[in-house]
Amino acid sequence: SGIRNKQKRSELYHKLKHQKEASGAKERRKRQKDAARAEELGLEPPPKPVQHTLENTREADDTMVDPEDAEVMADENDDEFAGVSHFANARAPKVLITTSYKPSKIMYTFLSEMLELLPCAEYYKRNGFPLKKIVKFAANRDYTDLLVVNEDRKQAGIINGLLLVHLPDGPTAHFRLSNLKLGKDIKGHGRTTSHKPELILNHFDTRLGHRLGRMLASLFPQDPQFRGRRVVTFHNQRDFIFVRHHRYIFEEKETRDSGDAKGDSAKKKKAVTARLQELGPRFSLKLLSLQKGTFDSRNGEFEWLPKKENKTSRRRFFL
């Protein structure tokens, strides 16, 4: 950048780039030779270099928590989810699902698959009621959560939002929904059963992420039925939550190992492998806001909102 002459600056740039590529190729050849040498001697190959990604180079966050921390455990015992079945077995989760006004045909297909994903959910038609009245209706009938699926007003059939209200005291989380793929559109998809699913929550590591993970976990019962081999996964990566619904099976297969010397017959070994079958639906969630209490668009107090001044780097994440 200190060279003013554009031609010389370009020549120096290409020279440095060529040197970097040549040194990288030299290191790759050396690693391949060391791996081949170790294989000949029957030794373990040298470890592969760790690839730098946005996840493993993320900025350090002061709000990262350890689930075994005494302060975190004390907060969990006093938060809004402490009385839900998933954590204290005090009451079973009971979820009410509704939609925005005038849902499309695709919305009804998505709702039918969501009712299969959530074993404790029931659907109620919106019928033009405002959201605050629906929140009161659900709370008075002992529902633990309210799930409102939103659809694009300008373009029917585009499901773009999800509002999750924990009852009776909140909080309320608003998500942007994207990359939706219904079960019927997934190649080789399976049919779900009525068994209660297992739940996997990955990488909800900060205070905000830990709280959001508990909110999502409260939608499911605590006692999964392992016989059904159903599993629902919420995987957080770069603050995008990927939702997947699978069935798994363990199989014992015979594998063949070639003999150590020439002429030796191949040996048979038994190995246990796992296979997955996706049930659907498949979609991604992005947190837009977390509000204290139940839904209140005018006077609500927000726990978290995305702010431009906080997003100082591509390697800074909040969940």
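All values derive from a computational prediction rather than experimental measurement. (Residues numbered from 1 in each chain as written. Predicted model: local features only at pLDDT ≥ 70, side-chain atom pairs only at ≥ 80, totals over all residues. Heavy atoms only, no water.)

1. Things to note about empty space enclosed by the protein
Reasoning step 1: Under the defined criterion, the tally for this structure stands at one cavity of 30 Å³ or more.
Reasoning step 2: Of the pockets and cavities examined, the largest cavity occupies roughly 100 Å³.
Reasoning step 3: For the largest cavity, the lining is made up of 14 residues, of which Met114, Leu162, Leu216, Leu219 and Phe234 are closest to its centre.
Reasoning step 4: Put simply, the parts of the chain that give the lining of the largest cavity at least two residues each are α4 (105–117), β4 (159–166) and β10 (282–291). (1 Å grid on protein atoms, 1.4 Å probe; cavity = no way out; pocket = protein on both sides within 12 Å on 5 of 7 lines; lining within 4 Å. Points joined across faces, edges and corners; volume = space filled by probe spheres on them. Helix = DSSP H or I, 4+ residues; strand = E, 2+ residues; numbered from the N terminus.)

2. Description of unusual backbone geometry
Reasoning step 1: Look at the link from leucine 167 to proline 168: it is a cis peptide, with omega at 5°.
Reasoning step 2: By secondary structure assignment, the location of proline 168 is in the loop between β4 and β5 (172–181).
Reasoning step 3: A cis geometry characterises the amide bond from glycine 170 onward to proline 171, with omega recorded as 5°.
Reasoning step 4: Its identity as a non-glycine residue notwithstanding, arginine 229 has a phi of 55°, on the positive side.
Reasoning step 5: Residue position: arginine 229 is located in the loop between α6 (207–217) and β7 (230–237).

3. With respect to a positive patch on the surface
Reasoning step 1: A cluster of like positive charges, contributed by Lys26, Arg28, Arg29, Arg31 and Lys33, occupies part of the molecular surface.
Reasoning step 2: Along the chain, arginine 28 falls in helix α1 (residues 6–41).
Reasoning step 3: We classify arginine 28 as partly exposed; its relative accessible area is 45%. (Patch = residues over 30% accessible without salt bridge, like charges linked within 9 Å, V, L, I, M, F, W, Y side chains within 5 Å. Areas by Shrake-Rupley, 256 points an atom, 1.4 Å probe, with all protein chains shown as cover. Salt bridge = Lys/Arg side-chain N within 4 Å of Asp/Glu carboxyl O. Lys, Arg positive; Asp, Glu negative; His and termini not counted. Charge placed at Lys NZ, Arg CZ, Asp CG, Glu CD. Buried < 20%, exposed > 50% of the residue type's maximum accessible area, 1.4 Å probe, protein only.)

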